[in-house]
Structures are given as C-alpha cells and as structure tokens.
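Here is how the chains run, residue by residue.
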Amino acid sequence: MATSCVQLCRGCAGHFRSNTWRVSLLVSAHVQSREAGKSAGKYVVSFICMHFLAVAVYPGASEEVGDGDATRTAVIPSTLPFESSSLRDYVNESETLNKLVQLGVKLWKLEQRPNVGTMLLKLDFQTDVVPRLLFLKQIGVEDSGLANILSVNPFILKEDLENLQARVNFLKSKKFSPETVASMVTRAPYLLNFSVKRMDNRLGFYQEQLGLNPSKTRDIVSRLPRLLCGSLEPVKETLKVCKFELGFKDNEIQHIVTLVPKVLTTNKKKLTQIFDYIHNTMKVPQHLIVKFPQVFNSRLLRYKERHQFLEYLGKAQYCPDQPNYVSLDRLASLPDEAFCTEVASATFDDFLMFQKTM
C-alpha cells in the first residue's frame, strides 16, 4: 500500500508548493487505529478505494483547529521531520493522508490553507473519514465527486454525522429531490457545513426578495446551490444595482434571475459595465437586455470586439424589426468561429486581423 501511495503521490508532487503554514508534529499527532472493528473497517476502506475515481471555490470559511480537536494521540516515528512546509513529507506515515491521495484529494491545494494540514493529520481514516465518505455516497454523491468535495471542503470531515443528516433531511423536506440534493452538495461542497436555520433563512430571503413561489425558488437554488452558502450582503447589493442603477423593474429582475441565477452573484462592476456598453454604446433597448439576460454571463471584451467588428462590416444591427438582425443571445454565446461564419459572414482570420487593430 505504501508503494502504491508513493507512486500516486509523486504524480502530483510537482503541484506542491511552499506556503505560509508549517505543520508541527507536537500538535498534529495522527492515530492509526488497529483495534476493535479492524477487519470490517478494512473491508469498507478497500471497497471505497477500489471504486473511487481520482478527479480534480467556492471560497468557504476557514476555522481554527485547536489541540483539543484531536480525539486521540499516537507516537510519531522519529524518521519524520519535526515540521514541514508540505504534507507530502507525511503521506507515507499517515494512513489518512495516504488514503486521501488514493481517493484523488488534492493535498497540494489543502496544504496552502491555514490549519488544514494540522487538522488532517489529527484525523483517523477509519473513524473520521470513512463514515463521512459513506454518508456522502448514501445521499447519492457520485464517486467522481468525492475527491472534489474534500479538496474544496475538508472541514466536512469534522462535521457531526447527525448534523449532516439533519441538513439533508431539511432540504428534502423543502421538496428538493434526492438527486438534486446530491448534485447540490457536489457543486457546492460547503453546503452541508451550514445549519438548517441558515439554509432556511436563505431560502426565505430569495423567495421574499424576488417574489418567487417555492417551486421557482427551489429551481434557482438547485441550479446555483452556492446561493445557500455565501453571504447575503453581495446579493443585496446586486439587487440594488439592478433596480436603482440599471433601472430594471421588479418583474424584470425576477425574469432575469429565473433565467440566469448567476446574475445574483455577479459583481457590481461587471453588471454596470456590460449594461452600459450594450445599452448606451450598442444602443440595445433595455427590454431586449431583459429578454436575453445571458449577456451578463460573458466578458465585456467579447462584446467590444464583436460589436466593433460588426460595425466595421456594417452589420451591427440589434433591432429585431430590421433586416440582418443579430440577437444578443448569439452575440454572447456563439464560439468565435461560429460567430464569424454565421453572424459576421467573415472568416476567423479576418476577425483575428481586426482584433490586432483595436
């Protein structure tokens, strides 16, 4: 097992980088449980390792991990360094790190975060990690999603199993299907770290602020589950910008968010710059922007390049009643090659040459 782990670890060794935290063995003793239940535990671990696939932020809250968090202590082999700037120095001696590498967890990403390395070295794979992996499997998380969840949110390994189950039960009580819950947890790894009260407050906020019924609220949250994880202040600011700076009416905001939930997490600067360019420079009426809110998903540079190219060709026509109409949807979503041939009736090389003149 150690040999296979070394091979797996070397595969990602190039990704390990120096970082600001240092692991102290005095406070990060790892226990390798070998007592009661050993045979059954090994069977479960073997089953998990055999079936899991290694796969490649939501930026979440970090937390202090104190000495009291360790459930047990162990004698650390004298061959290990007293402290190190990289978790790879401990992989061969720590069953937890060893198995996490085999599962595809990106230790090189985790070691850059304060206290996470110390926390992982304190965990016992059999008693701390396996039960939570099995829980995630039981609620429907795919094998390929497990490594990603732990690579983004290792703190789920410290969450009480009863609390995790209560949060899943809450989502199901709000009529999120089991398949939807599994997808939400996979795409928003921090979701189950938040209390039932917090999730309930956020569901109520979106339903009330956007004037949505429960079904539409579930729809936008299931498509963008990190809405239940992040702070509400940026969302409130975005809604104010849409209403008071961009001039959208309440029903228009509701329509925009229903079609493109991501607008709720788009920063103020991007929203205002894109709206200003499309509305004031391209002269697109506001009601057409409401009809095609996908425009807020693209980069401002894309619109500048494509609009100026169409203007150069005499084809910058965005009015549906006029010949050679170019819809905002096609302008925003088509790949460059398709945009050139289908919209601009030009070659991709022509477009590249024009970009050099901008």
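Before going into details, it helps to say that this report is about the structure given with it.

Parameters at a glance
Residues numbered from 1 in each chain as written. Predicted model: local features only at pLDDT ≥ 70, side-chain atom pairs only at ≥ 80, totals over all residues. Heavy atoms only, no water. Axes fitted to C-alpha atoms, helices over the stretch in contact; angles between N-to-C directions. Helix = DSSP H or I, 4+ residues; strand = E, 2+ residues; numbered from the N terminus. Parallel < 35°, antiparallel > 145°, perpendicular 65-115°, else oblique. Left-handed = near helix turned anticlockwise from the far one by under 90°. Contact = heavy atoms within 4.5 Å. Phe/Tyr/Trp six-rings, centres within 6.5 Å; stacked < 30°, edge-to-face > 60°. Buried < 20%, exposed > 50% of the residue type's maximum accessible area, 1.4 Å probe, protein only. Lys NZ or Arg CZ within 6 Å of the ring centre and 35° of its normal. Nonpolar A, V, L, I, M, F, W, Y, C, P; charged D, E, K, R; others polar. Arc of directions from axis to C-beta. Polar contact = N/O pair within 3.5 Å; in protein donor to acceptor, adjacent residues only side chain to side chain. Salt bridge = Lys/Arg side-chain N within 4 Å of Asp/Glu carboxyl O. Core = buried A, V, L, I, M, F, W, Y, C linked by side-chain atoms within 4.5 Å.

### A few points about the packing of helix 6 (residues 125–138) against helix 7 (residues 143–152)
- Viewed as axis vectors pointing N to C, helix 6 and helix 7 meet at an angle of 130°, and their least axial separation amounts to 10 Å. The orientation of helix 6 relative to helix 7 falls into the category oblique. Our pair here, helix 6 against helix 7, has a crossing hand that is right-handed. Residue-level inspection shows Leu 133, Leu 136 and Lys 137 of helix 6 in contact with helix 7, the latter providing Asp 143, Leu 146, Ile 149 and Leu 150.

### Here's the deal with the packing of aromatic side chains
- Scanning the entire structure with this criterion turns up six aromatic pairs.
- Taking 5.0 Å as the distance between ring centres and 50° as the angle between the ring planes, the aromatic pair formed by Phe 309 and Phe 351 counts as tilted. Linking Phe 309 in helix 16 (residues 300–313) with Phe 351 in helix 19 (residues 348–357), this pair joins segments that are 42 residues apart in sequence.
- Judged by its relative accessible area of 0%, Phe 351 falls in the buried class.
- Each ring, one from Phe 309 and one from Phe 354, has its centre 5.4 Å from the other, and the planes form 50°; the classification is tilted. Of the two residues, Phe 309 is situated in helix 16 and Phe 354 in helix 19; the sequence distance between them amounts to 45 residues. As far as burial versus exposure is concerned, Phe 309 and Phe 354 are alike and both buried.
- Through a chain of ring-to-ring contacts, the aromatic side chains of Phe 309, Tyr 312, Phe 339, Phe 351 and Phe 354 assemble into a single cluster.
- Seen from the ring of Phe 339, Arg 306 lies directly overhead, with NZ or CZ sitting 4.7 Å from the centre.

### Some remarks on the environment of Leu 171
- Residue position: Leu 171 is located in helix 8 (residues 161–173).
- Among residues more than four places away in sequence, those in contact with Leu 171 are Phe 176, Val 181, Leu 191, Met 199 and Leu 228.

### Points about the packing of helix 9 (residues 178–187) against helix 11 (residues 214–223)
- Orientation of helix 9 relative to helix 11, taken along the N-to-C sense of each, is 40°, at an axis distance of 9 Å. For the element pair helix 9 / helix 11, the angle class is oblique. Counted together, Thr 180, Met 184 and Arg 187 of helix 9 and Val 221, Ser 222 and Arg 223 of helix 11 form the full contact between these two elements.
- Classifying every residue of the contact of helix 9 with helix 11 by side-chain character gives two nonpolar, two polar and two charged.

### Topic: helix 9
- Those residues of helix 9 that sit buried are Val 181, Ala 182, Met 184 and Val 185. Buried residues of helix 9, viewed axially, fall in a sector of 165°; they line one side.
- Structurally, helix 9 contributes buried residues whose contacts are with helix 6, helix 7, helix 8 and helix 11.

### Things to note about the environment of Gly 314
- Looking at the secondary structure, you find Gly 314 in the loop between helix 16 and helix 17 (328–333).
- In this structure, the C-alpha to C-alpha distance between Gly 314 and Ala 344, residues 30 residues apart in sequence, is 9.4 Å.

### Re the side chain of Ser 151
- For Ser 151, the location among the structural elements is in helix 7.
- By relative accessible area, Ser 151 is classed as buried at 4%.
- Side-chain polar atoms of Ser 151 contact the backbone nitrogen of Lys 106, separated by 2.9 Å.

### A look at the environment of Asp 160
- Looking at the element boundaries, Asp 160 is found in the loop between helix 7 and helix 8.
- C-alpha of Asp 160 to C-alpha of Asn 193: the two residues are 33 residues apart in sequence and 9.6 Å apart in space.

### A closer look at the pattern of salt bridges
- The full count for this structure, using the stated rule, is ten salt bridges.
- Put simply, Arg 223 and Asp 219 hold a salt bridge, and the shortest N to O gap is 2.9 Å. With Arg 223 and Asp 219 both in helix 11, this residue pair falls four residues apart, about one helical turn.
- In this structure Arg 223 comes out as partly exposed when scored by relative accessible area, which is 36%.
- Between Glu 245 and Lys 268 there is a salt bridge, with its nearest N and O atoms 3.3 Å apart. Linking Glu 245 in helix 12 (residues 233–245) with Lys 268 in helix 14 (residues 268–281), this pair joins segments that are 23 residues apart in sequence.
- For Glu 245, a relative accessible area of 46% translates into the label partly exposed.

### Some thoughts on unusual backbone geometry
- Look at Lys 175: it is not a glycine, yet its phi comes out positive at around 75°.
- Take Lys 175: it is sitting in the loop between helix 8 and helix 9.
- Given a relative accessible area of 66%, Lys 175 falls into the exposed group.
- A positive phi angle, near 60°, is found at Asn 324, a position not held by glycine.
- Note that Asn 324 resides in the loop between helix 16 and helix 17.

### So, the nonpolar core
- Ranked by internal contacts, the top residues of the largest apolar core, which has 96 residues, are Leu 120, Phe 248 and Phe 339.
- For this core, the element with the most residues is helix 6, which contributes six residues.
- When residues no more than four places from it in sequence are discounted, the contact partners of Phe 248 are Cys 242, Lys 243, Ile 253, Ile 256, Phe 275, Gln 286, Ile 289, Val 290 and Phe 296.

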